[in-house]
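Residue-level structure breakdown
Now for the letters of each chain:
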Amino acid sequence: MRRASDRYTPESSRHSAGTWRAARRLAGRIWGWASRLAPLPVSRAPHPLTAAPHPDPRDALPSVDARSVTKQPMASIRSSLRIQGDDNLQSMIVGTVMRKVKSRSWKKQRYFKLQEDCKTIWYKSKKAGKAHSTFSVSDVEAVREGHQSEVLLSIADEFPPDRCFTLVFRGRRGNLDLVAESAEEAQSWIRGMRKLIENLENMGRGRGSTSIH
């Protein structure tokens, strides 16, 4: 027998229908949320056989052509050996501004430097543009310190002897009287020129070497 509470009534029917509709709406929302979720990407480690190999550090080294090494001029090697370890020659390679003196009234600044072949002196004026002059170390017979020329004696009251020196040339070429900006620069050129002259003379006698001691 049915109990009184199990009897069908309009109120119980409406309550059941409302519960069913609420359950359907909830299920629809859950399905909508699930459909909007994007699948998460799955990261996979590369297979050890297909992974990119480690770069060889030797590949980063520049390639050297043995033929280019053997073709390096011997003259440049000898010049490098001459300059190494000699502060005077290195200073001459850099260059120095000195006064070229011809008379008491003619004193002009010139930029002097030793060429890398250690055989040529290059000099020019600031106003000469690209024009310049050169002379060979082999043309210089001696280097005289101080006021040992008539020209330098005439300016002895202007410049001290430790800044002055004279390059004496062979033959009929006139001497070159110079005044350095300091005694240290004068000594660099005096000692450097004497070493170059001595080395060339030794080489001429067959007793020279490729380096200056």
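Described in the following lines is the structure provided in the data block. For clarity, every value in this text was computed on a predicted model and none was experimentally measured.

Criteria and cut-off values
- Residues numbered from 1 in each chain as written.
- Predicted model: local features only at pLDDT ≥ 70, side-chain atom pairs only at ≥ 80, totals over all residues.
- Heavy atoms only, no water.
- Helix = DSSP H or I, 4+ residues; strand = E, 2+ residues; numbered from the N terminus.
- Buried < 20%, exposed > 50% of the residue type's maximum accessible area, 1.4 Å probe, protein only.
- Contact = heavy atoms within 4.5 Å.
- Areas by Shrake-Rupley, 256 points an atom, 1.4 Å probe, with all protein chains shown as cover.
- Pairing = 2+ DSSP bridges.
- Arc of directions from axis to C-beta.
- Polar contact = N/O pair within 3.5 Å; in protein donor to acceptor, adjacent residues only side chain to side chain.

The next subject is the overall build of the chain. Summing up its helical and strand segments, the chain has six helices and seven strands in all. Moving toward the C terminus, one meets the helices and strands of the chain in the order α-α-α-α-β-β-β-β-β-α-β-β-α. Put simply, the chain has 213 residues, and 26% of those count as buried. Within the chain, contacts between residues at least 6 apart in sequence are counted, and of these 50% link residues at least 24 apart. Counting only carbon and sulfur atoms, one obtains 54% of the accessible surface of the chain, whose full area is about 15700 Å².

Turning our attention to unusual backbone geometry. Residues other than glycine seldom take positive phi values, yet Cys-118 does so here, at roughly 60°. Here Cys-118 lies in the loop between β2 (107-114) and β3 (120-124).

Next up on the list: the pairing of β2. Across a regular strand the side chains alternate sides, sitting on one face of the sheet and then on the other. Two strands pair when backbone bridges link them, and strand β1 (residues 96-101) and β2 are joined in this way by six bridges, in the antiparallel orientation. The partner of Arg-99 across the bridge, within β2, is Gln-109. Hairpin connection from β1 to β2: five residues lie between these consecutive antiparallel strands. Pairing geometry for β2 and β3, over four bridges, is antiparallel. From the neighbouring strand, Leu-114 faces β3, where its bridge partner is Ile-121. Hairpin connection from β2 to β3: five residues lie between these consecutive antiparallel strands, with Cys-118 at a positive phi of about 60°.

Attention shifts here to helix α4 (residues 87-94). Along α4, the residues that are buried comprise Asn-88, Leu-89, Met-92 and Ile-93. Buried residues of α4, viewed axially, fall in a sector of 140°; they line one side. Exposed and facing more than 90 degrees away from the buried side of α4 are Asp-87 and Val-94. For α4, the capping residue at the N-terminal end is Asp-86, with a side-chain oxygen 3.0 Å from the backbone nitrogen of Asn-88.

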